[in-house]
Amino acid sequence: METGFNILKLSFCLSIVVVGSSAAQVPAPWTPSNGMRPGTCDHYECPTSKLVEAGYAYEIRLYNTAVWISTGPISATSMTQATKTGFQRLFSYIQGKNKDKVKMNMTAPVITQQATPGQSVYTVSFYIPKKNQQNPPQADDLHVQPWKPTYVAVRQFGGYVSDDAAKKEAAALMDSLKGTQWILPIEKSKGKSPAYLVADYNPIFQTTARVNEILVPFTI
Ligand SMILES: *[C@@H]1O[C@H](CO)[C@@H](O)[C@H](O)[C@H]1NC(C)=O
């Protein structure tokens, strides 16, 4: 009797262990940010968007029209290397290295995207502060671009961005969109839009509470 009880207790404990360990393999539930933007946006101006849907492990946003400035294609050994090179150019731009010698405030995020599919060539973009959007200064090798209102599927992730992390998070975002109404317009937009953009929100010296995003733009 005593033994029977112990076995029962043991099997109960085992089942908890099994449930516990299988739960550990399932990706941690992702808390939708419900329109909460990365903390960086409390300090730096960020482009504005409307939250369309806070889904499970994804978010759909509609970005408002905004003026961005982009580098030309940068050939680099990795995406993260391209981000560094591109950011240096864009940082000089806001520090006054432009045709009007205008200084601008830092904004977030810095966006990196592949310029040519399958090649290690990237463009890096920076959101121009609202104050300067009417009259953005030009600069050699940089392109001022008005971005139309754009639907974007978003997934946030922490830490420092690596090429591998970006690839993995982009795949996880696409997984989380399976079976939703968004997958069709996203598939249809393929080719027109780059596969995904990587948004870096934090300065390199910030070691904790880093927030990055994978953005998949699409039209509906
Ligand atoms: C930067 O932002 C601050 C605070 O909003 C503002 O007072 C200042 O004029 C801005 N500087 C530039 C160069 O736009």
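Criteria and cut-off values
- Residues numbered from 1 in each chain as written.
- Predicted model: local features only at pLDDT ≥ 70, side-chain atom pairs only at ≥ 80, totals over all residues.
- Heavy atoms only, no water.
- UniProt positions renumbered as here; feature names shortened; annotations may be inferred.
- Core = buried A, V, L, I, M, F, W, Y, C linked by side-chain atoms within 4.5 Å.
- Buried < 20%, exposed > 50% of the residue type's maximum accessible area, 1.4 Å probe, protein only.
- Helix = DSSP H or I, 4+ residues; strand = E, 2+ residues; numbered from the N terminus.
- Contact = heavy atoms within 4.5 Å.
- Near = heavy atom within 4 Å.
- Polar contact = N/O pair within 3.5 Å; in protein donor to acceptor, adjacent residues only side chain to side chain.
- Areas by Shrake-Rupley, 256 points an atom, 1.4 Å probe, with all protein chains shown as cover.
- Disulfide = S-S within 2.5 Å.
- Phe/Tyr/Trp six-rings, centres within 6.5 Å; stacked < 30°, edge-to-face > 60°.
- Lys NZ or Arg CZ within 6 Å of the ring centre and 35° of its normal.

Going by the annotation in an unreviewed UniProt entry, the name recorded for the chain is Heme-binding protein 2-like, with Camelina sativa given as the source organism. We quote the UniProt Sequence similarities (unreviewed entry) comment for the chain here in full: "Belongs to the HEBP family."

Draft legend 1. Spatial organisation of the nonpolar core. Counting 32 residues, the largest nonpolar core has Tyr93, Ala153, Leu177 and Ile214 as the members making the most contacts within it. Among the elements of the structure, β3 (66–71), α2 (79–94), β6 (121–127), β8 (150–157), α4 (163–177) and β10 (212–218) are those that each provide at least two residues to this core. With five residues, the single largest contributor to this core is α2. Those residues in contact with Tyr93 that sit more than four places away from it in its chain are Ile69, Asn98, Val102, Met104, Ile128, Pro136, Pro137, Gln138, Ala139 and Leu142. With 14 residues, the next largest nonpolar core counts Trp68, Ile111, Tyr127 and Leu197 among its residues.

Draft legend 2. Expanded view of the side chain of Arg61. Structurally, Arg61 is set in strand β2 (residues 59–63). Overall, Arg61 belongs to the buried group, its relative accessible area being 5%. Among residues more than four places away in sequence, those in contact with Arg61 are Ser49, Lys50, Val52, Thr150, Tyr151, Val152, Val154, Gln156, Tyr201 and Glu213.

Draft legend 3. Main features of the site of the ligand. Surrounding the ligand, one finds Lys103, Asn105 and Lys131. Between the ligand and Lys131 there is a distance of 3.0 Å, counted from an oxygen atom to a side-chain nitrogen or oxygen. For the ligand, the protein covers 36% of the area, taking 360 Å² as the surface of the free molecule.

Draft legend 4. Broad picture of the state of the cysteines. Taken as a whole and assessed by the stated rule, the structure comprises one disulfide. Each disulfide pairs two cysteine sulfurs, and for Cys41 the partner residue is Cys46, the sulfurs being separated by 2.0 Å. Because the torsion about its S-S bond is -90 degrees, the bridge between Cys41 and Cys46 counts as left-handed. Residue Cys41 shares its accessibility class with Cys46, and that shared class is buried.

Draft legend 5. Quick peek at unusual backbone geometry. Here the bond from Ala108 into Pro109 is cis, since omega is 0 degrees, no more than 30 degrees from zero. With respect to the helices, strands and loops of the structure, Pro109 is situated in the loop between α2 and β5 (110–114). Look at Lys101: it is not a glycine, yet its phi comes out positive at around 50 degrees. Looking at the element boundaries, Lys101 is found in the loop between α2 and β5. The backbone of Asp141 shows a phi angle near 70 degrees, a positive value even though the residue is not glycine. Judged by relative accessible area, which is 60%, Asp141 ranks as exposed.

Draft legend 6. Representation of the packing of aromatic side chains in the model. Going through the model one piece at a time under the given rule, you end up with five aromatic pairs. Centre to centre, the rings of Trp68 and Trp147 are 4.3 Å apart; their planes meet at 10 degrees, and the pair counts as stacked. Residue Trp68 is found in strand β3, and its partner Trp147 is found in strand β7 (residues 142–147); the two are separated by 79 residues along the sequence. A relative accessible area of 5% places Trp68 in the buried class. Across from the ring centre of Tyr160, 3.8 Å away, lies the NZ or CZ of Arg210, which sits over that ring.

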